[in-house]
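Breakdown of the fold
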Amino acid sequence: MTTDEIGILAIAFNQVLHRVKCLLEEQQAAAFLQQQMQEAQLLQSEKMSSLGRMVAGIAHEINNPVNFIYGNLDSAIQYVDDLLVLLQTYCQEVPNPPLTVQAYATETVQAYATEIDAEFLEEDLPKLLQSMKFGADRVRQIVLSLKNFSRLDEAEAHAVNLHECLDSTLLILNNRIKKGITIERFYGEIPSIEGFSSSLNQVFMNIINNALDALEEEHNPQDNPRIAIATELQDKNWVVVRITDNGSGIPSDVQERIFETFFTTKPRGVGTGMGLSISHQIVVEKHGGQLICKSEVGSGTEFIISLPIQKQHLSENAQL
């Protein structure tokens, strides 16, 4: 072997070594990133678990006194109605008190009735009690939504009503939705699916929250901000949920990365870059479904969530 050949072999060998070193560094970097992702997801999962326990405890504490109030309102309304009927009956049967009743007493009763505006009280008191009943019922619904949203007993998959999940999420987000944003529900006839309701609540919360953020942006061109939520049965074995907003849309280069862990376009301290990544993991890995984003700048964004009805249909995911 000549000197030139030995030199060529040495150069080639050094290039191979350099390439192997680069590959090892890339592998180590990928492993480190994967470890970071797993640690971040574990931290986020622990945060959600702690939040769930806290919310469940608060909901339980609120639920008892609210049920006490709500349970007694029906009786209170009935008692007040009976008293008002008794008062009306007295006024009809005894329009003019007998002579044995002192004129002074009669004048005193009439003066007090005028002072408290008895006619208005008789008309308004039942309305007031009905308003209290409506408010108590509203609180019960919120507490129930919080309890359902923070379910901790999900070691096994169970029947999940997606419409109830969506309604619970919207009820919890009601404070944000009041800001001039219209919510349209187009619920189709769909069965319950086999899955994990608390995890799916988290998915709906993340996606609807992002839609609300998009609609509240200063450069949103829409005068009538709107979020449409539609559900439908597909191919008998799948249920599809579509969440659409008419915000400013997502650029194509951002769409390619929205499901990446830690990727966010929100200012520091506002977005964590975990919401859509975890949502994708829940839909795809935990439920065997699909999560797709379709968006056009200036027109809005649509998230399509496809979920199998039963676990035995998870293998059909690729055919959807």
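In this convention, every chain numbers its residues from 1, walking through the sequence in written order. Reporting of local features is limited, given that this is a predicted model, to residues whose pLDDT is at least 70; pairs of side-chain atoms are given and counted only at 80 or more, and all residues count toward the totals for whole chains, interfaces and linings. As a rule here, side-chain values come from all non-hydrogen atoms in the structure, and water together with hydrogens is ignored.

1. A few points about the packing of aromatic side chains
Basically, it comes down to this: Between rings of Phe, Tyr and Trp, where Trp is taken as its six-membered ring, a pair exists when centres lie within 6.5 Å; planes separated by under 30 degrees are stacked, by over 60 edge-to-face, and by other angles tilted. Only Lys NZ and Arg CZ are tested; either one counts as a charge over a ring when it is within 6 Å of the ring centre and within 35 degrees of the ring normal.
For the structure shown, the criterion picks out 0 aromatic pairs. In this structure, Lys 286 is placed above the aromatic ring of Phe 196, and the distance from its NZ or CZ to the ring centre is 4.7 Å.

2. Some thoughts on the pattern of salt bridges
Note the cut-off: Here, a salt bridge means any Lys or Arg side-chain nitrogen found within 4 Å of an Asp or Glu carboxyl oxygen. Here a helix means four or more residues in a row that DSSP labels H or I, a strand means two or more in a row labelled E, and each is numbered from the N terminus. Per-residue accessibility, obtained with a 1.4 Å probe over protein chains only, is compared with the maximum for each type, and a residue is labelled buried under 20%, exposed over 50%, and partly exposed between these values.
Evaluated as defined, the whole model comprises 6 salt bridges. The shortest N-O distance in the salt bridge between Glu 232 and Arg 242 comes to 3.1 Å. Of the two residues, Glu 232 sits in strand E4 (residues 226–234) while Arg 242 sits in strand E5 (residues 238–245), which places them 10 residues apart along the sequence. Judged by relative accessible area, which is 31%, Glu 232 ranks as partly exposed. For Glu 302, the salt bridge goes to Arg 242, with nearest N and O atoms at 3.7 Å. One end of the pair, Glu 302, is in strand E7 (residues 300–308); the other, Arg 242, is in strand E5, with 60 residues separating them in the sequence.

3. Things to note about the nonpolar core
We apply this condition: Here the nonpolar core consists of buried residues drawn from Ala, Val, Leu, Ile, Met, Phe, Trp, Tyr and Cys, with membership extended through side-chain atoms lying within 4.5 Å. We call two residues in contact whenever any of their non-hydrogen atoms come within 4.5 Å of each other.
One finds Leu 162, Phe 204, Ile 227, Ile 243 and Ile 305 to be the most contacted residues of the largest nonpolar core, which totals 39 residues. Where this core is concerned, the elements lending two or more residues are helix H4 (162–172), helix H6 (197–215), E4, E5, helix H8 (275–286), strand E6 (290–296) and E7. Sort the elements by how many residues they give to this core and H6 lands first, with 9 residues. Setting aside residues no more than four positions away along its own chain, Ile 227 makes contact with Ile 181, Thr 182, Ile 183, Glu 184, Ile 208, Ala 211, Leu 212, Leu 215, Ile 243, Thr 244 and Asp 245.

4. Overview of the packing of H4 against H6
Cut-off, in case you're wondering: Note on geometry: axes are lines fitted to C-alpha atoms, helical ones only across the stretch in contact, with angles between N-to-C directions running from 0 to 180 degrees. Roughly parallel means an angle under 35 degrees; roughly antiparallel, over 145; roughly perpendicular, 65 to 115; everything else is oblique. A crossing counts as left-handed when the near helix is turned anticlockwise from the far one by less than a right angle, and as right-handed when that turn is clockwise. Nonpolar residues are Ala, Val, Leu, Ile, Met, Phe, Trp, Tyr, Cys and Pro. Charged residues are Asp, Glu, Lys and Arg, and all others, Gly as well, are polar.
The interhelical angle for the contact between H4 and H6, taken along N-to-C directions, is 50 degrees, at an axis separation of 9 Å. With respect to each other, H4 and H6 are oriented oblique. When you trace H4 past H6, the crossing you get is right-handed. On H6, the residues touching Leu 162, Cys 165, Leu 166, Thr 169, Leu 170 and Ile 172 of H4 are Ser 197, Leu 200, Asn 201, Phe 204, Met 205 and Ile 208. The class makeup of the residues in the contact of H4 with H6 is 9 nonpolar, 3 polar and no charged.

5. Quick notes on a nonpolar patch on the surface
Rules: Within the patch definition used here, like charges are joined within 9 Å and nonpolar side chains (Val, Leu, Ile, Met, Phe, Trp, Tyr) within 5 Å, considering only residues with over 30% relative accessible area and no salt bridge. Surface exposure here means Shrake-Rupley accessible area, sampled with a 1.4 Å probe, where a residue is shielded only by the protein chains that are shown.
A cluster of nonpolar residues, Val 16, Val 20 and Leu 24, forms a patch on the protein surface that exposes about 250 Å² of accessible area. Looking at where Val 20 falls in the secondary structure, it is placed in helix H1 (residues 3–93).

6. Quick word on the side chain of Thr 301
As a reminder of what qualifies: Think of a polar contact as two N or O atoms within 3.5 Å of one another; within protein, one of them needs to be a possible hydrogen donor and the other a possible acceptor, and neighboring residues in sequence only count if both atoms come from side chains.
Mapped onto the elements of the fold, Thr 301 is located in strand E7. Given a relative accessible area of 6%, Thr 301 falls into the buried group. Only 2.9 Å separates the side chain of Thr 301 from the side chain of Ser 295, close enough to count as a polar contact. Residues in contact with Thr 301, not counting those within four places in the same chain, are Ile 243, Thr 244, Asp 245, Gly 249, Ile 250, Cys 293, Lys 294 and Ser 295.

7. Quick notes on H8
In plain terms, the rule: What a helix should span is 1.5 Å times the count of its residues minus one.
Over its 12 residues, H8 runs 15 Å from end to end, which matches the ideal 16 Å to within 8%, given 1.5 Å per residue. Once H8 ends, the next one or two residues include Gly 288, with phi positive near 70 degrees.

8. Observations regarding the packing of H6 against H8
Any two packed helices are characterised by how steeply their axes cross, that is the angle between the axes, and by the distance between the axes. It is the contact of H6 with H8, at a shortest axis distance of 9 Å, that shows an interaxial angle of 140 degrees. Comparing their axes, H8 and H6 come out oblique. Considering only the axes of H6 and H8, their crossing is left-handed. Only Gly 275, Leu 276, Ile 278, Ser 279, Ile 282, Val 283 and Lys 286 of H8 make contact with H6, whose side of the interface consists of Ser 199, Gln 202, Val 203, Asn 206, Ile 207 and Asn 210. Split by residue class, the contact of H6 with H8 holds 6 nonpolar, 6 polar and 1 charged.

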